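Survey of secondary and tertiary structure
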Amino acid sequence: MQIPIRLTSGELTLVTLHQGPSNADGLSLWTSNSDSHSLTITTSQAGHIVNIDLSAEIDSSSNEVSEAFIQANADQAIQEAAGIEVTAETDEDHPEPFPYDPEFIRVDTKPFNISLVYDMINDGDINLSPDFQRQFVWTDVGARSRLIESMMLRIPLPVFYLAQDDDGRLQVVDGLQRLTVIKQFLDNNLRLKDLEYLKDEEGKVFRHEDPKRCIDQRYRKRLMQTQIMMNIIDPQTPSDVKFDIFKRINQGGRPLNAQEIRNCMSSPKTRKLLHSMAGSPDFLNATCSSVGTVRMQDQELALRFAAFRLANQNYQSSYSGNMERFLDYTIETINRNSDFCHITLSDFERAMRNSAYLFGPFAFRKCSPSDLLPGARRRLMNNSLFTTWSVVLSERDEEEVQLAVEGSFAEIVANELDSDSEYYDSVSFGTNDRRRLQYAFEKARSLCMEHIG
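Let me sum up the structure you'll find in this document. Residue positions within a chain follow its written sequence, with the count starting from 1. This being a predicted model, a pLDDT of at least 70 is required before a residue's local features are given, and a value of 80 or more before pairs of side-chain atoms are given or counted; all residues contribute to the totals for chains, interfaces and linings. Each side-chain value is derived from all of the structure's non-hydrogen atoms; neither hydrogens nor water enter the calculation.

1. Topic: the overall build of the protein chain
The condition is simple: Put simply, DSSP marks the helices as runs of H or I at least four residues long and the strands as runs of E at least two long, and each gets a number from the N terminus on. Only protein chains enter the calculation, and the probe is 1.4 Å; a residue is then buried if its accessible area is under 20% of its type maximum, exposed if over 50%, and partly exposed in between. Residues are treated as being in contact if the distance between any of their heavy atoms lies within 4.5 Å. In these tables, accessible area is a Shrake-Rupley quantity obtained with a 1.4 Å probe, and a residue counts as shielded only by the protein chains included in the view.
In terms of regular secondary structure, the protein chain is built from 18 helices and 10 strands. Evaluated residue by residue, the protein chain yields a buried proportion of 49% over its 453 residues. Sequence separation of 24 or more characterises 65% of the internal contacts of the protein chain that already satisfy a separation of 6 or more. Here the protein chain has roughly 22,500 Å² of accessible surface; of this, 48% comes from carbon and sulfur atoms.

Following this line, the structure appears as structure tokens:
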């Protein structure tokens, strides 16, 4: 597990914590492996933090370390619940922040009235996209009603952020749920409830033939004339800058994960491609339908395949070791060239069929020989094994692959992981490191050459 800490030098760094065995009291020690500073966290059997010991070189407070540890535990639980193995990363996986010229940051602030915004949503100029990020999750009718009440009371709403694409359409960066509530009310799909001040308007909708069942005319006019402020990210802003702006904005509430951010910045064709890949029967068969979908873990796996498949002919210069930047760039590449969509989907489906044939239910799982025995617990999916084997097997014709014995590669790769420590390390530690990933690719290709030809 890794957590961020700040040193007295002012440097922000990631510390890798290793969990030791529990003692007689059921307490576990999590210790760092750094020579320059030390950190020890003691947890109870239930996982609660009992004590934190920081060396003098660490400037972060115990509360900051505690929050980072709790968040890392939560992230790990989400990953494992999604059916994906959590692998240890190293600092090499987190290069220095990507520098860019502040002059390239172009965000225009513009006032829009609700009437115009509503028309733009209905015309498709503002995309609330039903397939967008985490779906609409604001289910509290009272909270939604009080947002409408705020507008009826002329209370200004927080600023909205949108990103404009090359066709002029606007993608919601921050404010999706508020805009969705507004549209629901104007569509007569929300009946006001639990208002704080305008009690006479409770139980009413926006428009109705019976004046007693809709809000007062003065409030209808006031709503449609309400001005909201939109910060619009210009389409000419470089993609790296757009992704960074998005990440900085989405810090409140339940922050989006990296793939949800990419989904927001994707064109409709790109979103459709990743949705088709992740929903493909071949993918579901190869992965035994074990990869989570709620926070788009399945689509990130599909994107990893697309990224390395499209860059495969120039791998050495294409991937620098920063996986997030690499996947962000791939989204922009597919956005600009929709011809990749058909090619990538067909390659992906072939790779999944080949994987299912060669590995059976053990595809993309870091198994030891004993894990293949009947009754053994099934391992979680491994990102590195998925990336490398899916790309390599997309290069192979299905007729060629089926010359091998069905399911034979599960034992072959399990034995390699057991006997080749460098291969095991490459899919277990620092898995996004350029050298380790390259070794895993080379191992997959050499095993194909040896056992398929």
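There's plenty left to go through after this.
2. Considering the pattern of salt bridges
To keep things clear, this is the line we draw: A pairing counts as a salt bridge when a side-chain nitrogen of Lys or Arg comes within 4 Å of a carboxyl oxygen of Asp or Glu.
Following the criterion strictly, the structure yields 20 salt bridges and no others. In this structure, Lys183 and Asp187 form a salt bridge, with 2.6 Å as the shortest nitrogen-oxygen distance. Looking at Asp187, the relative accessible area reads 27%, which means it is partly exposed. Glu201 serves as the salt-bridge partner of Lys204, at 3.8 Å between the closest nitrogen and oxygen. For the pair Lys204 and Glu201, one class covers both residues: buried. The structure contains a network of salt bridges with shared partners spanning Arg262, Glu300, Arg304 and Asp328.

3. A look at helix α3 (residues 141-152)
Condition: One less than the residue count of a helix, multiplied by 1.5 Å, gives the span that helix is expected to have. In protein, a polar contact requires one atom able to donate a hydrogen and another able to accept it; more generally it is a pair of N or O atoms within 3.5 Å, and residues adjacent in sequence count only if both atoms are side-chain atoms.
Helix length check: α3, at 12 residues, gives a terminal C-alpha distance of 17 Å against a target of 16 Å (1.5 Å per residue), a fit within 8%. Here α3 lies mainly inside the structure; 10 of its 12 residues are buried. Along α3, the residues that are buried comprise Gly142, Ala143, Arg144, Ser145, Leu147, Ile148, Glu149, Ser150, Met151 and Met152. In this structure, the buried residues of α3 make contact with α2 (114-123), α4 (176-186) and α5 (217-225). Where α3 starts, the residue carrying a side-chain oxygen 2.9 Å from the main-chain nitrogen of Gly142 turns out to be Asp140. Phi turns positive one or two residues past the end of α3, at Arg154, with a value near 65°.

4. Here's the deal with the side chain of Arg365
For Arg365, the position within the fold is in the loop between α13 (339-359) and α14 (383-394). A relative accessible area of 4% means that Arg365 is categorised as buried. Here Thr287 takes part through its backbone oxygen, which lies 3.0 Å from a polar atom of the side chain of Arg365.

5. Let's talk about the packing of aromatic side chains
Applied cut-off: Side-chain rings of Phe, Tyr and Trp, where Trp is taken by its six-membered ring, are said to pair if the distance between their centres is within 6.5 Å; with planes under 30 degrees apart they count as stacked, over 60 as edge-to-face, and otherwise as tilted. When the NZ atom of lysine or the CZ atom of arginine is within 6 Å of a ring's centre and also within 35 degrees of its normal, the charge is said to sit over that ring.
For the structure on display, the rule yields 13 aromatic pairs. Between Phe308 and Phe326, the ring centres sit 4.8 Å apart and the planes meet at 55°, which makes this aromatic pair tilted. Residue Phe308 is located in helix α10 (residues 297-310), and its partner Phe326 is located in helix α12 (residues 323-336); the two are separated by 18 residues in the primary sequence. Here a set of aromatic residues connected by ring pairs shows up, and it is made of Phe283, Phe305, Phe348, Phe364 and Phe386. Directly above the ring of Phe160 sits Arg178, whose terminal nitrogen or CZ lies 4.1 Å from the centroid. It is Lys443 that lies over the ring of Tyr423; its NZ or CZ is 5.8 Å from the centre.

6. Points about unusual backbone geometry
Non-glycine residue Arg154 carries a positive phi angle of around 65°. Among the structural elements, Arg154 can be located in the loop between α3 and β8 (160-164). What makes Arg154 exposed here is its relative accessible area of 61%. Even without glycine at this site, Phe364 takes up a positive phi of about 65°.

7. Some remarks on the layout of surface pockets
Selection rule: Lining residues are those with an atom within 4 Å of a point, where the points come from a 1 Å grid over the protein atoms alone and group into cavities, where a 1.4 Å probe fits but cannot get out, or pockets, open sets with protein on both sides within 12 Å along at least five of seven lines. Grid points are joined across faces, edges and corners, and a volume is the space filled by probe spheres set on the points. Each residue gets one label: Ala, Val, Leu, Ile, Met, Phe, Trp, Tyr, Cys and Pro are nonpolar, Asp, Glu, Lys and Arg are charged, and the others, such as Gly, are polar.
Computed from the structure, the second largest pocket encloses a volume of approximately 570 Å³. Along its surface, the second largest pocket is lined by 24 residues, and Asp165, Asp166, Met265, Ser267 and Asn335 are the ones closest to its centre. At four residues, the largest contribution of residues to the lining of the second largest pocket is made by α12. A class-by-class count of the residues in the lining of the second largest pocket yields eight nonpolar, nine polar and seven charged.

8. Overview of the packing of α10 against α13
Axes are the key here: two packed helices are described by the angle between their axes and the distance separating the axes. Convention followed: A fitted line through C-alpha atoms serves as each axis, taken over the contacting stretch for helices, and the angle formed by two N-to-C directions is quoted from 0 to 180°. Put simply, angles under 35 degrees are roughly parallel, angles over 145 are roughly antiparallel, angles from 65 to 115 are roughly perpendicular, and the rest are oblique.
The N-to-C vectors of α10 and α13 enclose an angle of 110°; their axes lie 10 Å apart at closest approach. With respect to their mutual orientation, α10 and α13 come out roughly perpendicular. For the pair α10 and α13, contact is made by Ala302, Phe305, Ala306, Arg309 and Leu310 and by Phe340, Thr344, Asp347, Phe348, Arg350 and Ala351, respectively. Its residues assigned to classes, the contact of α10 with α13 comprises seven nonpolar, one polar and three charged.

9. Quick look at the sheet that holds β8
How we decide: Should DSSP find at least two bridges between two strands, the strands are taken to pair.
Here five strands make up an open sheet; going across it, the order is β6-β10-β8-β9-β7 and the pairing mixed. In this open sheet, the two strands that pair with only one neighbour each are β6 (107-113) and β7 (126-127). Where β8 and strand β10 (residues 227-233) come together, four bridges link them in parallel fashion. In the sheet register, Leu162 faces β10, and the bridge partner there is Ile232. Along the sheet face, α4 touches β8, β9 (170-174) and β10 and points at about 120° away from the line of β9.

10. Let's talk about the nonpolar core
Our working definition: Throughout this description, the term nonpolar core refers to a set of buried Ala, Val, Leu, Ile, Met, Phe, Trp, Tyr and Cys residues connected via side-chain atoms within 4.5 Å.
Counting 63 residues, the largest nonpolar core has Phe308, Leu358, Phe386 and Trp389 as the members making the most contacts within it. Once you skip the residues sitting within four places of it in the chain, Leu358 turns out to touch Leu393, Val401, Ala404, Gly407, Ser408, Phe409, Ala410 and Ile452.

11. Thoughts on empty space enclosed by the protein
Think of a ball as big as a water molecule: rolled over the atoms, this probe shows where empty space is left. In this structure the tally under the stated criterion is two cavities of 30 Å³ or more. The wall of the largest cavity is formed by Phe359, Phe362, Ala363, Phe364, Arg365, Cys367, Leu385, Trp389, Ala410, Val413, Ala414 and Leu417. Contributions of two or more residues to the lining of the largest cavity are made by α14 and α16 (408-419). The element contributing the most residues to the lining of the largest cavity is α16, with four residues. There is about 40 Å³ of room inside the second largest cavity. Arg304, Met323, Asn383, Ser384, Thr387, Thr431, Asn432 and Leu437 together form the lining of the second largest cavity. Among the elements that line the lining of the second largest cavity, the one with the most residues is α14, at three residues. Among the residues forming the lining of the second largest cavity, the class breakdown is two nonpolar, five polar and one charged.

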